[in-house]
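A closer look at the structure
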Amino acid sequence: MDLPVIDLDLFLSGPRNSERVVNECKKAADALITYGALVLHDSRVSAADNSIFLDLLEDYFAQPIEDLKKDERPELSYQIGVTLENTEKPKCAADEPCLRIIAKLDPAERPLDITAHAPDPKCRFFWRMAEKAPYETQFPGLNATNIVPQAEGLRARWTPIMEQWGTSMKSAVANLAEMTAVGLGLPAETFKDAGRYGPHLLAPTASDLVKYGEKDTILAGFHSDLNFLTIHGRSRYPGLHIWARNTGKRIAVKIPEGNYLLVQAGKQLEHITGGLIKAGFHEVVVNEKTVSVRIRCHSNHAKENLTIPCQTIEARKVQFPDRPLIRISSTFFWHLNSDFDLVPIPELSARAFTVREEQARMGKEEEHSVYEPMKVGHHVQK
C-alpha cells in the first residue's frame, strides 16, 4: 500500500485561500487521521544534502567506542549527544496499552516480538535545532547545548552538514504543520507558532550491519514517538515498517527518490487533537529487502557492469568497499515548545469521538486514552 503524497510546493507557491491549496491541506490532515503518516514532496529538499549527511554519520559511528563515549551525556538523560547501542529500550515491551494494540493485530501483521527484546542495538545522536526562547524555560534539560565531535575529519564538517540537512527537514515539517492546521479547520499558524521555540532534534540512528545484519534482527522495537511530527529522509537500507490506523497492516515504507520525505504523527499531535490523529507505530528491522533485493551491482574493478542478484548489504560492500556498513536513519523530531500548555482542542476532540465510533462499528475498537492538560515538557518527561 502506498501512502498519500502531499505537495508542499503547492502550499508554498499558491494563494493560501485557493481551493487547490485548501484541498491539499485537507488531504494532508486526512492522511494523518487515516494512516498516521504521509509522504511529503518538497522541491527545496536536496537528495545530495541527505547523502552528505549519511556519509558524515557513517564516519562518526565508525569511530572506536571510546571516542563515541566522549559525546555521551547520561546526566542529561541522553537528550543531547550520543546514545550508544543497547541503551534505549522499546517502551512498548513493558507498556500494557501498547501490548494490547499488538494483540489486536492479525498475527501476520504484528511487529517482530519485543516482549523478550533486550535494549535496541541501534545508536543515536541528538543535535538540537531550536530557536532560543525569549523567556526562561522550565525545562532546561530539554534545551541543552549541542555537542560537536572533536575527532579530526569530523569536527570541521560536523556543524555545517548537520545544520544544512537539519534546516531542510525542519522547514519542511514546520510548513506541513501549517498545512495540517488548515486541513483541520484551524488557523495556519496554530501549530507552527506553538512549536517555534520547541526543542527540535535532528536525531539520526545508526545500526552496525556487520554485527546486526541478520534477517529479522530488531534494530528499533515497535514504538511511537513522543514529539509532534517526525520526518525522515531516505535511508540507504530498507527496514522501516509502519502500521496504518485504518487497516492494521504492517507496511514496508518506500520513500521515492528525489525531493521526498516521510512524515509520521507523534504523541504531542495525538494529545492536542484529542486522539483525532493517532501517533504512528513503527519498527526498524533487518527484513528480506535489506538482505535480498535485485539491483544493479557492480565493482569498479570489474570489466563489465552486470545486473545480478545482489543483497543490499553486499551491494554496498561491492560498490563502496571503503565505506562503513552502518544503517543511518535520516530522522528529525519536531516538538511543540516545552512550556506550551498541551490541551486538547475541543472541536477536534469531538471529531475524534466520532472517528472512534466509526472504527468501533467496523470492528476496530481503539484503545481509549485520556488526554489530561499538561506542559509539553512534562509530557516528554513522563
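Along each chain, the written sequence defines residue order, and numbers are assigned to residues from 1. pLDDT decides what is reported in this predicted model: residues at 70 or higher carry local features, side-chain atom pairs at 80 or more are listed and counted, and totals for whole chains, interfaces and linings draw on all residues regardless. Hydrogen atoms and water are omitted, and side-chain values are computed over all heavy atoms in the structure.

Working definition: helices are DSSP H or I runs of at least four residues, strands are E runs of at least two. Numbering for both runs from the N terminus. When its secondary structure is counted, the chain shows 12 helices and 17 strands. Summarising its shape, the C-alpha atoms of the chain cover approximately 65 × 50 × 45 Å along the three principal directions. Under the scheme applied here, a residue whose accessible area is under 20% of the maximum for its type counts as buried, over 50% as exposed, and between as partly exposed, the area being computed with a 1.4 Å probe on protein chains only. When burial is assessed residue by residue, the chain has 52% of its 382 residues classed as buried. The contact criterion used throughout is that any non-hydrogen atoms of two residues lie within 4.5 Å. In the chain, 80% of the contacts between residues at least 6 apart in sequence involve partners at least 24 apart. Note on areas: Shrake-Rupley, 1.4 Å probe, and residue coverage restricted to the protein chains presented here. Taken as a whole, the chain presents about 17500 Å² of accessible surface, with 52% of it coming from carbon and sulfur.

Mean pLDDT for the chain: 89, with 93% of residues reaching 70 or above. Note that residues 293–310 has pLDDT below 50 and, in this model, 26 contacts with residues that lie over four places away or in other chains. pLDDT measures how confident the predictor is about each residue, on a scale from 0 to 100.

Here the focus is the side chain of N337. Relative to the elements of secondary structure, N337 occurs in the loop between β15 (326–334) and β16 (341–342). Within the structure, the side chain of N337 is placed 2.7 Å from the backbone nitrogen of Y197, a separation counted as a polar contact. What qualifies as a polar contact is a pair of N or O atoms within 3.5 Å, subject to a donor-acceptor requirement within protein and to the restriction that residues adjacent in sequence count only when both atoms come from side chains.

Bringing the packing of aromatic side chains into the picture now. When two rings of Phe, Tyr or Trp (its six-membered ring) have centres within 6.5 Å they constitute a pair, described as stacked for plane angles under 30 degrees, edge-to-face for angles over 60, and tilted for the intermediate range. The full count for this structure, using the stated rule, is 12 aromatic pairs. Ring plane angle 35° and centroid distance 6.5 Å describe the contact between F53 and W165, whose orientation is recorded as tilted. In this pair, F53 sits in helix α3 (residues 47–61) while W165 sits in helix α6 (residues 155–183), placing the two residues 112 residues apart along the sequence. What makes F53 buried here is its relative accessible area of 0%. Judged by centre distance (5.0 Å) and plane angle (65°), the ring pair of F125 and W158 falls under edge-to-face. With F125 in strand β4 (residues 123–128) and W158 in helix α6, this pair connects stretches of sequence that are 33 residues apart. With respect to class, F125 is no different from W158; both count as buried. Clustering of aromatic rings is evident, with ring pairs tying together Y60, F61, F125, W127 and W158.

If you look at soluble globular proteins, the nonpolar side chains tend to sit buried side by side. Take the buried residues of types Ala, Val, Leu, Ile, Met, Phe, Trp, Tyr and Cys, join any two whose side-chain atoms come within 4.5 Å, and each joined set is a nonpolar core. Counting residues in hydrophobic clusters, the biggest one holds 89 residues, and the most contacted among them are F61 and F191. Looking at this core, the element that brings in the most residues is α6, giving 12 residues. Setting aside residues no more than four positions away along its own chain, F191 makes contact with A177, T180, A181, L184, L186, F228, L269, I272, W334, L336 and I345. Core analysis: the second largest hydrophobic core is formed by 7 residues, C92, I102, W243 and F281 among them.

Here we come to the pairing of β15. Of all 9 residues that make up β15, 9 are buried, and the element is covered over most of its length. Burial along β15 is two-sided: the residues I326, I328, S330, F332 and W334 and R327, S329, T331 and F333 are all buried. In this sheet, β15 lies alongside strand β6 (residues 205–208) in antiparallel orientation, the contact comprising 4 bridges. Opposite D208, over in β15, you have I326 as the bridge partner. Pairing analysis gives 5 bridges linking strand β8 (residues 229–233) to β15, with the strands arranged antiparallel. Residue pairing in the sheet places I231 in a bridge with F332 of β15. Strand pairing is assigned whenever DSSP identifies at least 2 bridges connecting the two strands.

Let us now look at the pattern of salt bridges. Salt bridges are identified by distance alone: a Lys or Arg side-chain nitrogen within 4 Å of an Asp or Glu carboxyl oxygen. Summed over all chains, the structure comprises 24 salt bridges. With a closest N to O distance of 3.4 Å, K70 and D67 form a salt bridge. By relative accessible area, K70 is classed as exposed at 58%. In this structure, a network of salt bridges that share partners links the residues D55, E58, D59, R157, R236, R316 and R323.

To continue, consider α6. The end-to-end C-alpha distance of α6, which contains 29 residues, comes to 42 Å, matching closely the 42 Å that a straight helix rising 1.5 Å per residue would cover. Trailing α6 by a residue or two, G185 shows a phi angle of about 85°, which is positive. A helix's residues, less one, multiplied by 1.5 Å, set its expected span.

This part takes up the environment of L68. Residue placement: L68 occurs in helix α4 (residues 65–68). Taking relative accessible area as the criterion, L68 reaches 4% and is therefore assigned buried. Separated by 83 residues in the primary sequence, L68 and A151 have C-alpha atoms spaced 9.8 Å apart. In this structure L68 touches Y60, F61, Q63, V82 and L84, once residues within four positions along its chain are discounted.

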